[in-house]
Amino acid sequence: MSTLSVAQQERQQSNLRLGIRLGWVALFFVGFGFAMVPMYDAFCKLTGLNGKTNTVPAVMDQNTQVDFSRKVNVEFLSQTMPGVGLQFKPEQFSIKVHPGEITHMNYTVTNTSGRVFVGQAVPSITPAAATQYFEKLECFCFTQQTFQPGETRTMPVVFVVNPKMDRDLGTVTLSYAFFEAPKVQ
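A few points on the structure. It should be emphasised that the depicted structure is a prediction, and the values quoted were computed from it without experimental measurement.

Here we look at the packing of aromatic side chains
And step 1. Per the counting criterion, the structure on display carries 13 aromatic pairs.
And step 2. Their ring planes at 85 degrees and their centres at 5.1 Å tell us that Y107 and Y176 sit as a pair that is edge-to-face. Here Y107, found in strand β4 (residues 103–111), pairs with Y176, found in strand β9 (residues 171–180); they are 69 residues apart in sequence, far enough to count as distant. Y176 carries the same exposure label as Y107, and that label is buried.
And step 3. An aromatic cluster of at least three residues, connected via ring pairs, comprises F76, F88, Y107, F117, F134, F140, F147, F159, Y176 and F178.

Shown next, in the form of structure tokens:
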């Protein structure tokens, strides 16, 4: 009987040590999750990756010159998260623009669900090297959008491709993902 109780005690101690180790692992990953945001931003800043665009309207220099000697192909993509009940698409899938030229583009959104939808569009640019040269002057992505059931809305994007962009960058892709805004309680 004493060997059985010794074995049970060893098993309990082993389980306790395992539980403590798993607790430390869980605590580490919670901390790591919180640290990921600033680490990701630092990594993107260092490498130029990510394709984040401006989140507030850019201020245009009044003396910006249009570069008529070349054109840049700007492609437009859109996506919504599954199950949100939105149809979201650009009116055109690509256009050619002269760097420095103010360009207007529209996206169309239809709320196909039977409920009010509040969401936010999150933009990104590829290639990442073009991000700093793609300047949005007006964009539906700057604020949350509210759509009534069945509502269709045309939403503008006004942008400029800065003439300082490298001539080797012939195509820039502007992509939006529409997310449902967290509910405030």
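Comments concerning the sheet that holds β4
And step 1. In space, the four strands of this open sheet follow the order β2-β4-β8-β6, with antiparallel pairing throughout. At either margin of the open sheet sits one strand with a lone partner, and together these are β2 (86–90) and β6 (134–139). For this sheet, the mean angle separating the axes of adjacent strands, direction not counted, is 25 degrees.
And step 2. Pairing between β4 and strand β8 (residues 152–161): eight bridges, direction antiparallel. Bridge pairing links T103 to F159 in β8.

Quick notes on the pairing of strand β3 (residues 94–97)
And step 1. Side chains I95 and V97 project from β3 onto a buried face, and the interleaved S94 and K96 project onto a face without burial.
And step 2. Alignment of strand β1 (residues 72–80) against β3, held across four bridges, turns out to be antiparallel. Paired with N73 across the two strands is K96, which belongs to β3.

Some points on unusual backbone geometry
And step 1. Cis geometry is adopted by the peptide bond preceding P127, which originates at T126 and carries an omega value of -5 degrees.
And step 2. Summarising the element assignment, P127 is placed in the loop between β5 (117–126) and β6.

Points about the pattern of salt bridges
And step 1. Here the structure, examined in full by the defined rule, presents four salt bridges.
And step 2. Salt-bridge contacts for E180 lead to R115; the nearest nitrogen and oxygen are separated by 2.9 Å. Of this pair, E180 sits in strand β9 while R115 sits in the loop between β4 and β5, and the two are 65 residues apart along the sequence.
And step 3. Measuring nitrogen to oxygen at the nearest pair gives 3.0 Å for the salt bridge that ties E151 to R153.
And step 4. Here the salt bridges share partners, and the residues they tie into one network are D67, R70 and R167.

Regarding the sheet that holds β3
And step 1. Taken in spatial order, the five strands line up as β3-β1-β9-β5-β7 in an open sheet, and their pairing is mixed. The open sheet has two edge strands, β3 and β7 (145–147), and neither has a second partner. The average undirected angle you get between the axes of adjacent strands in this sheet is 30 degrees.

Description of the nonpolar core
As a rule of thumb, nonpolar side chains are buried together in soluble globular proteins.
And step 1. V74, F140, F159, Y176 and F178 are the most contacted members of the largest nonpolar core, which has 31 residues in total.
And step 2. Elements with a minimum of two residues in this core: β1, β2, β3, β4, β5, β6, β8 and β9.
And step 3. Here F140 is in contact with F88, Y107, A121, Q145, M155, P156, V157, Y176 and F178, once residues within four sequence places are set aside.

Some words on a nonpolar patch on the surface
And step 1. A grouping of V25, F28, F29, F32 and M36 is seen on the molecular surface, where their side chains present a nonpolar patch of about 470 Å² in accessible area.
And step 2. Mapped onto the elements of the fold, V25 is located in helix α1 (residues 2–47).
And step 3. Judged by relative accessible area, which is 42%, V25 ranks as partly exposed.

Definitions and cut-offs
- Sequence order as written defines the numbering, with residues in each chain counted from 1.
- Confidence filtering applies because this is a predicted model: local features only for residues at pLDDT of at least 70, side-chain atom pairs given and counted only at 80 or more, and all residues used for totals across whole chains, interfaces and linings.
- Just so you know, side-chain values use all the structure's heavy atoms and leave hydrogens and water out.
- Here is the rule: rings of Phe, Tyr and Trp (six-membered ring for Trp) pair when centre to centre is within 6.5 Å. Planes less than 30 degrees apart are stacked, more than 60 are edge-to-face, and the remainder are tilted.
- Under the scheme used here, helices are H or I runs from DSSP no shorter than 4 residues and strands are E runs no shorter than 2 residues, and both carry numbers assigned from the N terminus.
- Using a 1.4 Å probe on the protein chains alone, a residue whose accessible area is under 20% of its type maximum counts as buried, one over 50% counts as exposed, and one in between counts as partly exposed.
- Pairing between strands is defined by DSSP: at least two bridges between them are needed.
- Here the axes come from fitting lines to C-alpha atoms, over the contacting stretch only for helices, and the angles between their N-to-C directions go from 0 to 180 degrees.
- Basic side-chain nitrogens of Lys or Arg form a salt bridge, by our definition, when they fall within 4 Å of a carboxyl oxygen of Asp or Glu.
- Among buried residues, those of type Ala, Val, Leu, Ile, Met, Phe, Trp, Tyr and Cys that are joined through side-chain atoms within 4.5 Å constitute a nonpolar core.
- A contact between two residues is defined here by any heavy atoms of the two lying within 4.5 Å.
- Patch membership needs two things, relative accessible area over 30% and no salt bridge, and members are linked within 9 Å if like-charged or within 5 Å if nonpolar (Val, Leu, Ile, Met, Phe, Trp, Tyr).
- Per-residue and other accessible areas were derived by the Shrake-Rupley procedure at a 1.4 Å probe size, with only the shown protein chains allowed to occlude residues.

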